[in-house]
Amino acid sequence: CHGAFMGSNLPPIDRPEKGALHPRNKHPGRYDFEALIAGTPALKPFVAPNPYGDLSIDFSNPIAVRTLNRALLKNYYGLEFWEIPDGFLCPPIPGRADYLHNLADLLAHCNDDVIPTGPSVRVLDVGIGASAIYPIIGTQEYGWSFVGSDTDPAALASSEKILSGNPELKPLVELRRQKNPEKVFTGIIGAEERFDLTLCNPPFHASSQEAQAGSRRKWHNLGRDSKGTKHGRDKSRTPLLNFGGQDSELWCQGGETAFITRMIDESRAFAKQVYWFTTLVSKGDSLEQLYALLERAEVADSHTLEMSQGQKKSRVLAWTFLDENARAEWTGGGS
């Protein structure tokens with residue numbers, strides 16, 4: 001790694017400006033709805049001028065959001081088929097792409113500032129969900145190979161359907177069921193396996209009630225009530241999420257901090273088999289506690305990669321147990 005990651009500041013490889021998506025992100029600015037409709041005519045009924053006169057969709061409509069995703073994936077990533085069952089998390093594609101571009105930079109810093117590409121770069125997607133979104137973007141942008149794990153058989157079945165509908169993806173993505181919901185890496189990473197990266201979008205909320213409250217806030221911000229109509233109707237109803245989400249996708253006991261704590265604790269058993277462990281962290285005030293856990297775990301290095309899109313902020317927490325010699329040996333091994 002040549003010491004590139006020593007300290008807290010990363011060298012400037014394509015770093016995004018404050019409030020902006022990553023420079024390599026294909027989704028800066030407003031969506032080109034005319035081009036998206038040309039490729040996916042099913043999007044047209046959902047597109048109309050917003051109050052500012054710009055073409056947009058009703059982001060409180062889950063069908064519109066899923067159709068927009070299908071159009072984006074076809075137009076920018078060449079996908080011929082993408083569907084997810086009702087009720088599953090419909091990922092915001094620009095933010096998911098940003099995570100992967102930041103991980104590409106992370107690998108580049110330990111590879112003479114060159115992003116490693118191709119299937120020899122192996123990535124474990126913890127909680128692939130029903131959408132297979134990270135493998136889709138990661139294979140199309142960088143040619144990486146993926147293992148996607150999940151506890152939900154229905155989610156895995158949906159991802160398998162997406163892979164089968166896009167033959168170019170199937171050789172690069174393997175699906176594995178995590179049979180123990182209390183485990184993250186155990187039962188998924190084989191005894192002799194190595195991964196250059198792990199990634200995860202952990203459950204954000206600490207309870208079902210907290211998840212529902214967050215959904216109501218989202219609906220309020222969209223100018224809708226829980227029924228999807230204008231404010232003033234039955235606000236006691238559980239809202240239909242525009243981006244969906246099963247319970248296991250939205251919440252776990254203790255929220256994201258508890259989930260990432262489990263991840264850190266368990267990562268120690270795979271210290272020599274993974275180059276960089278990473279996870280999204282939605283709540284910035286969780287970082288102090290998580291860094292204390294990383295220190296107790298005696299990691300060799302750790303970093304926070306800041307991401308933002310307008311006013312929305314998120315971050316990636318990354319850590320490794322490999323010292324400089326082990327990292328040089330790893331990259332020299334062709335991963």
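Residues numbered from 1 in each chain as written. Predicted model: local features only at pLDDT ≥ 70, side-chain atom pairs only at ≥ 80, totals over all residues. Heavy atoms only, no water.

## Some thoughts on the confidence of the model for the protein
For the protein, per-residue confidence averages 84 on the pLDDT scale, and residues scoring 70 or more make up 79% of the total. Low pLDDT (under 50) marks residues 1–12, which in the prediction has 26 contacts with non-local residues, meaning those over four places away or in another chain. With pLDDT under 50 throughout, residues 224–243 is counted as low confidence; its partners more than four residues away or in other chains account for 54 contacts. (pLDDT = per-residue confidence, 0-100. Contact = heavy atoms within 4.5 Å.)

## Digging into unusual backbone geometry
Even without being glycine, Asp-113 reaches a positive phi, approximately 65 degrees. Examined against the element boundaries, Asp-113 turns out to sit in the loop between helix H3 (93–108) and strand S3 (122–126). Phi angles above zero are rare outside glycine, and Ala-132 is one such case at about 55 degrees. Of note, Ala-132 is situated in the loop between S3 and helix H4 (133–142). (Helix = DSSP H or I, 4+ residues; strand = E, 2+ residues; numbered from the N terminus.)

## Structural notes on the pairing of strand S8 (residues 301–309)
Inspection of the sheet shows S8 paired to strand S9 (residues 312–320) by nine bridges, in the antiparallel sense. Of the residues in S9, the one forming a bridge with Ser-308 is Lys-313. (Pairing = 2+ DSSP bridges.)

## Here's the deal with the nonpolar core
In this structure, Leu-43 and Trp-144 are the most contacted members of the largest nonpolar core, which totals 56 residues. Top contributing element to this core by residue count: H3, with eight residues. Filtering out sequence-adjacent residues up to four positions away, Leu-43 remains in contact with Phe-33, Leu-36, Ile-37, Ile-57, Ala-64, Thr-67, Leu-68 and Ala-71. Counting residues in each nonpolar core, the second largest holds 27 residues, with Ile-260, Val-274, Leu-294 and Val-299 among its members. (Core = buried A, V, L, I, M, F, W, Y, C linked by side-chain atoms within 4.5 Å. Buried < 20%, exposed > 50% of the residue type's maximum accessible area, 1.4 Å probe, protein only.)

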